[in-house]
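# Chain and residue survey
Here's the letter readout for the chains.
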Amino acid sequence: MLTETFVIFQRQMRILLRNPVWVFFGLTQPILYLVLFGPLLKSVTGGGLGGNDSWRIFVPGLLLQLALFGAGFAGFGIIQELREGVIDRQRVTPARRISLIFGRTLGTMVTIGVQGIVLVIVALPFGLHASWSGIVSSLVLICLLALGISAASYAMGLILKDEDSFAPFIQGVSLPLLLLSGVLLPMTLAPAWLRHISQANPLTHVVDATRALFRGDFGNHDVWIGALITLALGVLLAWWGSRTFARQSA
Amino acid sequence: MIMARGLARSFKTKAGPVDAVRAIDLDVAAGEIVGLLGPNGAGKTTTLRMLTTLLLPTAGSAMVAGHDLVAAPREVRRRIGYVAQAGAAPSAGTLVGEELVTQARLQGLSKADATARLATVAPRLDLGGLEGRALLELSGGQRRRFDVALGLMHSPSLLFLDEPTSGLDPQSRANLWAHIRSLRDDAGVTILLTTHYLDEADALADRILVMDGGQIVADDTPDALKACIAGDVVTLALADAAEVARAEGEVRRAVAVREVVATDSALQVTVDEGAVAVAPMLRALDAAGLRPTSITVSRPTLDDVFLTLTGRSLREGAEGEPVPAEIG
């Protein structure tokens, strides 16, 4: 099972790395946020923002956005693979169904992990000061979340089978989740009603946890709540995704 | 090699359930090449997808390569190769050799075995030297041979081919046919293929199963099937109904006809061998002073086989039935 997962993972990564357009834009996109949006936050005050502390709020938010969109749209690839006949061709092998999806999910997760590392490294010269162990644990949480989201996205791709319904679906689900999680600006700036709604969004707790981790505030209860929610969400989505994949494969 | 009993599959659609395959019995012996022939929507692909474990049957059972389809799908998968219908354009960044090795490794071969197998399979399908080529750069014929190679990497004893030569030029088709034949003749692979070309089934299959409306409506050798087909049709265009009537009499005296259909301006004569019958027909007409304005000879087509077997013409959705989507 591990060999099969690795064979699929290897194939995903090979295809990705041979695409120069992806390598360029995939790695530079997070930087655009830092360069073109980050500076605005330095002059906003309130909610922990202002000066170089802004980066400790902003970078964790960008990491979550990376996981949500990067892994959310992963299912696009599987629709093409479905048309190409790659999925059927792999389904007629004795390879375990779970390997077929986890090899792909692992590819997405590693990609997002690398993009996250690039983001953090580029943020340093802008003035990001954060706890190193906090950064590493945040990246682990983000990767776990990406694993779950991409498994669910692959499953959705197989269910919808068509880019024209897949794109609006993912956009429609991820955008409110993103806005409600306080990714761009912290929810402490929000009016009470918006803050209450955002409390129901699991991603709010993920981003709260990573912000606390970046501050090095390991004892904060946000960290534990956020980590547990990330773990639960990642496992739940991964379970649903692989079950759906297996069912769609008969 | 294959023994299916009462195998059926229905799909739920917005217009209600559609029975894509209705309780078919199907047997394929080891070493046979069997062609599943029928129009689009007849249930060929659905049948193939069930037999290759890609689709669960809604009823019935089947033993494929010695194992139960539903109870032991992994055992079946180990022993069969499946070449799907030609798919969409391949992804950029995929290479012939790597894809073949990846497929072999998913089939359970070690890296070394997979690489060794590539060295035997690639030349067998004229893909030698193309291992480093991007899939996007392959011609239609090469791409199809690559698809066949994918199904052969683990040396299966049973190979399923879904419309292997659809969309290929005549030369590439003939070439692929030769490859398919040699798989059976040299490697002893049992083959079940679907096609909607009569000539393809005729060229390859030892036995043809004709499918229509989710059922197998005929099961026989190509020769036996052709014998039941109407024969060649010679159409003579004439000036008017009077000429047509006179011509009919002359033709009936000149050659052995199976059937004659007269219209106001044409005579359709069905004979065993069109090419042989034309000369005596013309001599007789000429002697009687009749000059047809045109003559055409048409060979029987799948449409004619169909007409003979089912009493209706071979047209997609002839009963106004929705063609079920190939649900994966």
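To start, this report covers the structure provided alongside it.

What counts, and at which threshold
- Residues numbered from 1 in each chain as written.
- Chains lettered and ligands numbered in written order.
- Predicted model: local features only at pLDDT ≥ 70, side-chain atom pairs only at ≥ 80, totals over all residues.
- Axes fitted to C-alpha atoms, helices over the stretch in contact; angles between N-to-C directions.
- Helix = DSSP H or I, 4+ residues; strand = E, 2+ residues; numbered from the N terminus.
- Parallel < 35°, antiparallel > 145°, perpendicular 65-115°, else oblique.
- Left-handed = near helix turned anticlockwise from the far one by under 90°.
- Nonpolar A, V, L, I, M, F, W, Y, C, P; charged D, E, K, R; others polar.
- Core = buried A, V, L, I, M, F, W, Y, C linked by C-beta atoms within 7 Å.
- Buried ≥ 20, exposed ≤ 12 C-beta atoms within 10 Å, placed from the backbone.
- Contact = placed C-beta atoms within 7 Å.
- Pairing = 2+ DSSP bridges.

### Details of the packing of helix 8 (residues 132-160) of chain A against helix 12 (residues 221-248) of chain A
Residue and element names in this part refer to chain A.
- Two elements in contact, helix 8 and helix 12, have axes whose closest approach is 8 Å; the angle formed by their N-to-C orientations is 25°. Comparing the axis directions of helix 8 and helix 12 gives the class roughly parallel. For the pair helix 8 and helix 12, the crossing hand works out as left-handed.
- Classifying every residue of the contact of helix 8 with helix 12 gives 20 nonpolar, seven polar and no charged.

### Some thoughts on the nonpolar core
- Counting 68 residues, the largest nonpolar core has B:Ile2, B:Leu51, B:Leu100, B:Ala149, B:Phe160, B:Ile191 and B:Leu209 as its most contacted members.
- When near neighbours in sequence (up to four residues on either side) are disregarded, B:Leu51 contacts B:Ile2, B:Ala4, B:Ala62, B:Val64, B:Leu69 and B:Phe160.
- A:Ile79, A:Ile170, A:Val206 and A:Ala212 belong to the second-largest nonpolar core, a separate cluster that totals 63 residues.

### Some thoughts on the sheet that holds strand 12 (residues 259-262) of chain B
Residues and elements named next belong to chain B.
- Read from one edge to the other, the open sheet built from four strands follows the order 12-13-11-14, with strand pairing classed as antiparallel. The sheet is open, and its two edges are formed by strand 12 and strand 14 (294-298), each paired on a single side. Averaged over all pairs of adjacent strands, the angle between strand axes in this sheet comes to 15°, irrespective of strand direction.
- Taken together, the four bridges between strand 12 and strand 13 (residues 266-271) define a ladder with antiparallel strand orientation. Considered in strand 13, the bridge of valine 261 is made with glutamine 268.
- Against the sheet, helix 9 (residues 241-254) touches strand 11 (232-237), strand 12 and strand 13, its axis set at about 20° to strand 13.
- Contacts from helix 10 (residues 274-287) reach strand 11, strand 13 and strand 14, with the element oriented near 35° to strand 11.

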